[in-house]
Amino acid sequence: MATQPSAPRKTDIGPPHYEQFLHPVIKKNYGQWKYHEYLKPGVMVHVAESGDKIYSIRVGSPRLISVDVIRLFADLADKYCDGFLRFTSRNNVEFLTDKEKSIEPLIKDVEAQGYPVGGTGNAISNIIHTQGWVHCHSAATDVSGLVKATMDELYEYFVDMKLPYKLKLAAACCLNMCGAVHCSDIAILGIHRRPPKIKDEQVSRVCEIPTTVSSCPTAAIRPTTVEGKQTVKVDEDRCMFCANCYTVCPAMPIADALNDGVSLWVGGKVSNARSEPMFTKLAHPFLPNNPPRCRRVDRADWLAEVL
Ligand code: SF4
Ligand code: SF4
């Protein structure tokens, strides 16, 4: 029996209920799917017990996308899919349609705009990655540049299904691992390797000391006084280089041009569908911060450049 949309939530917090955005075929056949199969790289069909079919056309997105790109995807969805699309957890765009005849014209249009169709089955899905300097203070590397360079090398495995199994890659710009890199098959992880440097003369002017002390997950930060001014000190043996303190206290910069870099991890698994979930294991402890298209810049310089 099909799931009926629930009553509207009585709250103004959070997004509207997803049910109102489901494709009519998905809404009608919710929870009653018979099977799905890959028709070709990037194209899936889900067949319901009722015989209804819904086609998904998966497109690699640049992950950090502009309003113009969102509008482009929305216009393509309007043109070929009655306006239906979704973003996957790995930042692919999936166009959803029940009209088989829309598939090839949509693919032609998508590819003409420079976006690849693929990422299904025994392929690489889009590399999920965290935002780094675009949005976050903690980054140890320019992960967007790393991901672009990596995906350019692996492009053929996105647009085809010739791998022995599906492969998930992730990248995070610091060990807070917002991209869940610890559960991906292969992970690129930006790492700091030195504790923050404390600018004692600035701490009391730009930082709230109790907040700074409590920001440290290992209790490595203590209040102290230097030359009569309130500041903080770090027990370096306890520091795990997470950069949380720098996020709340700009007078504790942790970026280090020589000692920040990238580590590589393998063997993670987030799903428990066919095997137990697993964390990645360290494969390579450190690569210097100069991969292709990587820019190591100070946050202030970067802001000055983009503003
Ligand atoms: S992984 Fe680290 S640097 Fe990247 S967004 Fe998360 S906290 Fe920020
Ligand atoms: S980098 Fe992390 S562990 Fe080290 S002092 Fe700052 S908050 Fe604590």
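What you see as residue numbers is a count from 1 along each chain, following the sequence as written. As a convention, the first chain written is A and the first ligand written is 1, with the rest following in written order. Predicted model: local features are reported for residues with pLDDT of at least 70 only, side-chain atom pairs are reported and counted for 80 or more only, and whole-chain, interface and lining totals are derived from all residues. Heavy atoms throughout the structure, all of them, feed into the side-chain values; hydrogens and water do not.

**Looking at the sheet that holds strand β8 (residues 186-191)**
Inclusion rule: Pairing between two strands requires that DSSP report at least two bridges joining them. Only DSSP runs of H or I reaching four residues or more are called helices, and only runs of E reaching two or more are called strands; each is numbered from the N terminus. Residue contacts are counted whenever heavy atoms from the two residues lie within 4.5 Å of one another. Fitting a line to C-alpha atoms yields each axis, with helices limited to the stretch in contact; the angle taken between N-to-C directions then spans 0 to 180 degrees.
A sheet is described by the order of its strands in space; here five strands give the open sequence β6-β7-β8-β11-β12, paired in mixed fashion. Two strands bound the open sheet, and with one partner strand each, they are β6 (128-129) and β12 (281-288). Both β8 and strand β11 (residues 261-266) contribute to a ladder of six bridges, which runs antiparallel. By the bridge assignment, Gly190 is partnered in β11 with Val262. Relative to strand β7 (residues 169-172), helix α4 (residues 143-158) is tilted by about 160°, and along the sheet it contacts β6, β7, β8 and β11.

**Brief notes about α4**
Selection rule: Working rule for helices: expected span equals 1.5 Å times residues minus one. The angle between axes fitted to the seven-residue stretch ending at a residue and the seven-residue stretch beginning at it gives the bend at that residue. Type-normalised accessible area, obtained with a 1.4 Å probe on protein chains alone, sets the label of each residue: buried when under 20%, exposed when over 50%, and partly exposed for intermediate values.
For α4, which comprises 16 residues, the first-to-last C-alpha distance of 19 Å sits more than 12% below the rise-based estimate of 22 Å (1.5 Å per residue). Most pronounced at Asp152, the bend in α4 amounts to some 50°. When α4 is considered as a whole, its buried residues turn out to be Val143, Gly145, Leu146, Val147, Ala149, Thr150, Met151 and Phe158. Of the surrounding elements, those touching the buried residues of α4 are β3 (53-60), β5 (92-97), β6, β7, β8 and β11.

**Regarding the state of the cysteines**
So the rule is basically this: Pairs of cysteine sulfur atoms within 2.5 Å are identified as disulfides in what follows.
The final tally for this structure, using the stated rule, is one disulfide. Here Cys207 pairs with Cys249 through a disulfide, and the sulfurs are 2.1 Å apart. Disulfide Cys207-Cys249: the torsion about the S-S bond is 75°, which places it as right-handed. Here Cys249 lies in the loop between α7 (244-248) and β11 and Cys207 lies in the loop between α5 (200-206) and α6 (209-214), a separation of 42 residues in the sequence. For the residue pair Cys207 and Cys249, the accessibility class agrees, reading buried in each case.

**With respect to the side chain of Thr97**
Keep this limit in mind: Here a polar contact is taken to be a pair of N or O atoms separated by no more than 3.5 Å, where protein atoms must pair a possible hydrogen donor with a possible acceptor and residues adjacent in sequence count only if both atoms sit in side chains.
Along the chain, Thr97 turns up in strand β5. Classification of Thr97 as buried rests on a relative accessible area of 1%. Of the polar contacts made by the side chain of Thr97, one reaches the backbone nitrogen of Lys99; its length is 3.0 Å.

**Points about the site of ligand 2**
To keep things clear, this is the line we draw: One heavy atom within 4 Å of a molecule or strand is enough for the residue carrying it to be called near that molecule or strand. Amino acids outside the nonpolar list (Ala, Val, Leu, Ile, Met, Phe, Trp, Tyr, Cys, Pro) and the charged list (Asp, Glu, Lys, Arg) are all regarded as polar, and Gly is one of them.
The environment of ligand 2 is formed by 13 residues, the closest being Cys216, Cys239, Cys242, Ala243 and Cys245. Classifying every residue of the shell around ligand 2 gives eleven nonpolar, two polar and no charged.

**Here's the deal with the environment of Glu236**
By the element assignment, Glu236 lies in the loop between β10 (229-234) and α7. Classification of Glu236 by relative accessible area gives exposed; the value is 51%. C-alpha separation for the pair Glu236 and Pro195, spaced 41 residues apart in sequence, amounts to 6.3 Å.

**Comments concerning the sheet that holds β5**
Pairing in this open sheet of five strands is antiparallel, and the strands run β1-β2-β3-β5-β4 from one edge to the other. The open sheet is flanked by β1 (33-40) and β4 (85-87), the only strands paired with a single partner. Along the sheet, successive strands turn relative to each other by an average axial angle of 25°, direction set aside. In the packing of helix α3 (residues 103-112) onto the sheet, the strands contacted are β1, β2 (43-48), β3 and β5, and the crossing angle to β3 comes to about 10°.

Spatial relationships are all this shows, so hold off on functional conclusions.
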